[in-house]
Structures are given as structure tokens and as C-alpha cells.
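# Per-entry structural report
So you can see what is in the structure, the chains are spelled out below.
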Amino acid sequence: MNILIIEDEELAVRKLSKLLLDVDESINIVGTCASVRSSVAWLNANAQGQSLSPDLILMDIELADGQSFEIFEQTTVSAPVIFTTSYDEYALRAFKVNSIDYLLKPIKRHELEASLEKYKRTHFANGAAAGKNETKTVDIDALVQQLRQHIQPADYRRRFLVKHLQQWVPIEVSDIAYFYSEEGVSLFRTTANQKFSLDYPLDELEAMLDPSHFFRANRQYIVHINTVQQVHPYFNNKLKLILKPNADDEVLVSRERATDFKRWMGK
């Protein structure tokens, strides 16, 4: 099976390539593209029927120069597509183009295996139908219904009840500037520069918070988008964040998370 990977993060390409070959060592990765422009050029140069033409495309939605939906507007995509992305919001639109499945990052092996099996079933069914001069259509409504069952809107925390002096005080999540860890204790600082402690570790807090508002910058900090005042390049491709209120430590975004952070800030 020839597979084309369209993904703009080099680390993600390496991980996905390894995962594909772990699932099926007979897979042939015929190419990788990191942008809409390079994907269109590659597909035009390797049209259906040529030796490198893909049987299947794994396509990230957010690319370096735009969304991958633009590829379908600029060239013919003959191969079926499995979309890969961190963002649920594109799911319904994804199924309205030449898609057979949709995987949320980080991609799990068993989910990838299920998608590849789905492709094989669809491929052979289409081949049999073509032999009978019939056209097999995909039930988009059924796909959308199935997808909705897996990505119901999350019920994120709206407030925390914290102890202050001799009483318990409710703090709205919208008033929290950032969460952080200090000597094994989880704390947060409000936009009014008040500091409170929490009993939840940061890993649990991250799952409670709306990812459109909060970002896990590193192991020590989860920051609110309105708290980030400046973003500076840092050595080794990291990013340095200037927060308001000021943090007691340097807040750095790792090299591996820098691209995701830029997308999150730019949404």
C-alpha cells in the first residue's frame, strides 16, 4: 500500500511513519509534504496510475501555509484521505471531502489500525462495485453521526473552590491567569495577582480546562491565552513567554510544542 503523509511537523512525520510501519511493515511511504503548496505540486507530479501515486493519504488539517482543505480546491485528490489533527472543530467539514476517517492527535496505534482496516474494506468494496459497473456512495450523515458520538462537547471547569484564610472562596476560571507547579504543589495566579493552591496535579488540571483558552506550555505551567503579553524566540527553537501578571520563573515553550503554541495563539 502506497501512503502519502501530509504533515508540517517533522517530529510528527517521524512518529507517524514509524507507527505505520509498526502496524504494517509492507506499507510504502511514497512521500511527505509540509504545506498546501508542496502537496499540490506533489500530487500533480504523481497523478493516479503512476508508480508513486498514493493509495491512501494521511493529511493533517493545519499546514504551514493554510488548511489542507485548500489542496482539494487546487488539484484532484483521487486517493481516499484519513485526516489527522488536534482540532475537533474541523471534523464535520473533513467528512464532506474525500475522507474515510478522522483521527485526533496524539494518534493511538489501535485507532490507526482501525482506520487502515476501514480503508481496506472500503477499497475492496469499491473495487467490487466497479466490476459490476456500480458506484458505491458513502453515507455522510452516518459518518457525521458516528463522529458526534465520539466528540461530544466537553464540560470544562467553570470555577474552583479554594481555601483563603479561614474561608472557602469560589474563583472563576476566566479570572485565572495561569496554573503552575512549585515544589510539587499546584497553584494558580489570578489576573488580579492573587495566588491560591489546589489539590489537583497539573496533568488533571489540563484535562479540566478548555484548550481554546489554556495551553500547557511545559511541565510547570498552563497559561491562559489572554495572559500571554509577548512571545520571544529562545535558543534551541524554544519560545519564551512574558506573562501578565509576571511569573516567578522563566516560562518556556519546548521546541516540540512551539508550533502547536503558535497555532493556538493565532486561532
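To be clear, the structure that these remarks concern was listed above.
A short tour of the structure in this document, coming up. Throughout, residues of each chain are indexed from 1 in the direction in which the sequence is written. Reporting in this predicted model follows two pLDDT cut-offs: at least 70 for local features of residues, and 80 or more for side-chain atom pairs to be given and counted; totals over whole chains, interfaces and linings ignore these cut-offs and use all residues. Only heavy atoms go into the side-chain values, all of them from the structure, while hydrogens and water stay out.

## Digging into the overall build of the protein chain
Helix and strand counts for the protein chain stand at eight helices and 17 strands. A 1.4 Å probe rolled over the protein chains alone gives each residue an accessible area, and that area as a share of the maximum for its type sets the label: buried under 20%, exposed over 50%, partly exposed in between. Counting across all 267 residues of the protein chain, residues that qualify as buried make up 42%. By definition, residues are in contact when any of their heavy atoms lie within 4.5 Å. Looking at the protein chain alone, contacts between residues at least 24 apart form 51% of all its contacts between residues at least 6 apart. The accessible surface values rely on the Shrake-Rupley method and a 1.4 Å probe; as for residues, cover is taken only from the protein chains in view. Surface summary for the protein chain: the accessible area is close to 15400 Å², and the carbon and sulfur share equals 47%. Think of it this way: any DSSP run of H or I at least four residues long counts as a helix, any run of E at least two long counts as a strand, and we number them from the N terminus.

## With respect to the sheet that holds strand S17 (residues 251–253)
Taken in spatial order, the three strands line up as S15-S16-S17 in an open sheet, and their pairing is antiparallel. Of all strands in the sheet, those bounded by a partner on one side alone are strand S15 (228–234) and S17. Looking at each pair of strands side by side, their axes are set apart by 30° on average, direction ignored. Every axis in this analysis is a line fitted to C-alpha atoms, fitted for helices over the stretch in contact. Angles between the N-to-C directions lie between 0 and 180 degrees. Against the sheet, helix H8 (residues 255–266) makes contact with S15, strand S16 (238–243) and S17, and its axis sits at roughly 50° relative to S16, the strand it touches most. Strand pairing is assigned whenever DSSP identifies at least 2 bridges connecting the two strands.

## Description of H8
By definition here, a helix of n residues has an expected span of 1.5 Å times n minus one. The end-to-end C-alpha distance of H8 is 17 Å, a good match for the 16 Å that 12 residues give at a rise of 1.5 Å each. Considered for burial, the residues of H8 that qualify are Ala 258, Phe 261, Arg 263 and Trp 264.

## Structural notes on the environment of Asn 246
Within the element layout of this structure, Asn 246 appears in the loop between S16 and S17. Distance from Asn 246 to Thr 227, taken between C-alpha atoms, is 9.2 Å for residues 19 residues apart in sequence. When neighbours within four sequence positions are excluded, Asn 246 is seen to be in contact with Tyr 178 and Arg 189.

## Quick look at the environment of Leu 239
In this structure, Leu 239 sits in strand S16. For the pair Leu 239 and Phe 261, spaced 22 residues apart in sequence, the C-alpha separation works out to 9.1 Å. Setting aside chain neighbours within four positions, we find Leu 239 in contact with Val 231, His 232, Pro 233, Tyr 234, Val 251, Leu 252, Val 253, Ala 258, Phe 261 and Lys 262.

## Thoughts on the packing of aromatic side chains
Stacked, tilted and edge-to-face pairs are distinguished by plane angle, under 30 degrees for stacked and over 60 for edge-to-face with tilted covering the rest, among Phe, Tyr and Trp rings (Trp via its six-membered ring) whose centres lie within 6.5 Å. Summed over the entire model, instances satisfying the criterion amount to 14 aromatic pairs. Between the aromatic rings of Phe 160 and Phe 179, the centroid separation amounts to 5.9 Å while the plane-to-plane angle is 70°, which identifies the pairing as edge-to-face. Here the residue Phe 160 occupies a position in strand S8 (residues 159–164), and Phe 179 occupies one in strand S10 (residues 176–182), the gap between them amounting to 19 residues. Per residue, the accessibility class of Phe 160 equals that of Phe 179, and both read buried.

## What to know about the side chain of Thr 75
If you trace the backbone, Thr 75 turns up in the loop between helix H3 (69–74) and strand S6 (81–85). Using a relative accessible area of 14% as the deciding quantity, one classes Thr 75 as buried. Two N or O atoms form a polar contact when they lie within 3.5 Å of each other; inside protein one atom must be a possible hydrogen donor and the other a possible acceptor, and for residues adjacent in sequence the pair counts only when both atoms belong to side chains. Engagement of the side chain of Thr 75 in a polar contact is seen with the side chain of Asn 44, the distance being 2.5 Å. Those residues in contact with Thr 75, other than ones at most four positions away along the chain, are Val 40, Leu 43 and Asn 44.

## Points about the nonpolar core
Only buried Ala, Val, Leu, Ile, Met, Phe, Trp, Tyr and Cys residues count toward a nonpolar core, and they belong to the same one when joined by side-chain atoms within 4.5 Å. Of all hydrophobic cores here, the largest spans 20 residues; its most connected members are Leu 4, Ile 6, Ile 57, Met 59, Ile 71 and Phe 83. Of all the secondary structure elements, the ones that give two or more residues to this core are strand S1 (2–6), strand S2 (28–33), helix H2 (36–45), strand S3 (56–60), H3 and S6. Sorting elements by how many residues they give to this core places H2 first, with four residues. Judged by nonpolar contacts, the second largest core, of 18 residues, contains Ala 177, Val 223, Leu 241 and Val 253.

## A word on the side chain of Ser 186
Along the chain, the position of Ser 186 falls in strand S11 (residues 185–190). One polar contact links the side chain of Ser 186 to the main-chain carbonyl oxygen of Tyr 200, over a distance of 2.7 Å.

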